[in-house]
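Spelled out from the first residue to the last, the chains are:
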Amino acid sequence: MSKAAAIFLAAEIINHPDTILGLATGSTPIGTYEELVRLYQAGILDFSKVRTFNLDEYLGLSPENEQSYRYFMNEHLFSHVNIPMENTHVPSGDEKEAEHSGEIYEQQMKEAGPISIQVLGLGHDGHIGFNEPADAFAKTTAPIALEESTIDANQRFFASREEVPKMAISMGIGTIMRAKKILLLVNGKEKAKILREVLEGPVTPSCPASILQFHPDCTLICDEEAASLLRK
Ligand code: F6R
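**Q** Explanation requested: helix H1 (residues 2-15) in the structure shown.
**A** In an α-helix, one full turn covers 3.6 residues, which means residues spaced three or four apart are oriented alike. Spanning 14 residues, H1 covers 20 Å between terminal C-alpha atoms, matching the ideal 20 Å at 1.5 Å per step. Listing the buried residues of H1 in full gives Ala5, Ala6, Leu9, Ala10, Glu12 and Ile13. Buried residues along H1 cover an arc of 160 degrees about the axis, so they all sit on one side. Every exposed residue of H1 that faces more than 90 degrees away from the buried side is listed here: Lys3, Ile7, Ile14 and Asn15. Looking at the buried positions of H1, the neighbouring elements they touch are strand S1 (20-23), helix H2 (30-41), strand S5 (117-120), strand S8 (181-186) and strand S9 (218-222).

**Q** Quick question: what am I supposed to make of the site of the ligand here?
**A** Among the 14 residues in the neighbourhood of the ligand, the closest are listed as Thr28, Asp56, His127, Gly129 and Lys191. In this structure, an oxygen atom belonging to the ligand sits 2.7 Å away from a side-chain N or O atom of His127. At a separation of 2.8 Å, an oxygen atom of the ligand approaches a polar side-chain atom of Lys191. Burial of the ligand by the surrounding chains reaches 93%, relative to a free accessible area of 410 Å². A per-class count over the shell around the ligand returns three nonpolar, eight polar and three charged.

**Q** Can you walk me through the packing of aromatic side chains in this structure?
**A** Remark: the centre distance and the inter-plane angle together describe each pair of aromatic rings, the angle taken between the planes. Applying the stated criterion to the full structure yields six aromatic pairs. For the ring pair Tyr40 and Phe47, a centre distance of 6.3 Å and an interplane angle of 70 degrees mean the geometry is edge-to-face. Judged by centre distance (5.7 Å) and plane angle (80 degrees), the rings of Tyr58 and Phe158 are edge-to-face. A residue pair is termed long-range when its members are at least 10 positions apart, and Tyr58 in strand S3 (residues 56-58) and Phe158 in the loop between helix H5 (148-154) and strand S7 (167-170) qualify at 100 residues. Ring pairing ties together the aromatic residues Tyr58, Tyr69, Phe130 and Phe158, which thus form one cluster.

**Q** Looking at this model, I keep getting lost on the sheet that holds S7. Mind explaining?
**A** Strand pairing in a sheet relies on backbone hydrogen bonds, with the paired strands running either antiparallel or parallel. With antiparallel pairing, the three strands of this open sheet are ordered in space as S3-S7-S6. Two strands close off the open sheet at either side, each with one partner strand: S3 and strand S6 (142-145). Shown here is a sheet whose adjacent strand axes are inclined to one another by a mean of 30 degrees, direction ignored. Inspection of the sheet shows S6 paired to S7 by four bridges, in the antiparallel sense. Each residue of the ladder has a partner; that of Pro143, found in S7, is Ile169.

**Q** Honestly, the side chain of Thr32 in this entry has me stumped. Any pointers?
**A** Mapped onto the elements, Thr32 comes out in helix H2. A residue is classified by how much of its surface remains accessible, and Thr32, at 2% relative accessible area, is buried. Aside from chain neighbours lying at most four places away, what touches Thr32 is Ser2, Ala5, Ala6, Leu9 and Leu185.

Rules of the game
Residues numbered from 1 in each chain as written. Predicted model: local features only at pLDDT ≥ 70, side-chain atom pairs only at ≥ 80, totals over all residues. Heavy atoms only, no water. Helix = DSSP H or I, 4+ residues; strand = E, 2+ residues; numbered from the N terminus. Expected span 1.5 Å × (residues − 1). Buried < 20%, exposed > 50% of the residue type's maximum accessible area, 1.4 Å probe, protein only. Arc of directions from axis to C-beta. Contact = heavy atoms within 4.5 Å. Near = heavy atom within 4 Å. Polar contact = N/O pair within 3.5 Å; in protein donor to acceptor, adjacent residues only side chain to side chain. Areas by Shrake-Rupley, 256 points an atom, 1.4 Å probe, with all protein chains shown as cover. Nonpolar A, V, L, I, M, F, W, Y, C, P; charged D, E, K, R; others polar. Phe/Tyr/Trp six-rings, centres within 6.5 Å; stacked < 30°, edge-to-face > 60°. Pairing = 2+ DSSP bridges. Axes fitted to C-alpha atoms, helices over the stretch in contact; angles between N-to-C directions.

As structure tokens, then:
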């Protein structure tokens, strides 16, 4: 699964060396990033002109904090390839700036040009980025309160539940839908039920990822366990 996802992204980087990629954190894409590093080390990929925008960041964690998504990206990808750090963007986790940093991030994306491929993982409650189930789809990058279930799921990365931030900043569903292509990565049997809801249920903000049914160019790469409940 990770190899297929890495090849999908590698083809884009080879065809368009100055591509703009939208990236995700979490456990799902770790193998994909490992494969990309391997392709770089083998001399197949050049990241020198690639630019990246990450989906989200916890509010209240500095880039040096090992649980921050900036740290994650440096650790799993950026530090191991020849991407200039100034080409990599992760929303600011600074709580004091939170009110404006969404707007600044949207502006940076607008100036860079459209994201070619947006990588997404899938939350157990159907979230993408940190867009939790809600009454409406969020349009742009903005601060967001995390659901208790998301705090529970992310607790595994922290020493205790109390340490998991309660707020994050995330690209909105509108931001994600503007990417030219979406690459949705899903694995494990614990995601089978929500994946069925995402693909075969109604499009509704109470299952944010269901909006991907309306994206004109969305590719799903999943394992057999995640696909086990799909009817079609
Ligand atoms: C990560 C992100 C989240 C994760 C989702 C799945 O940047 O935006 O939406 O993709 O929570 O996480 P994992 O892969 O850990 O199951």
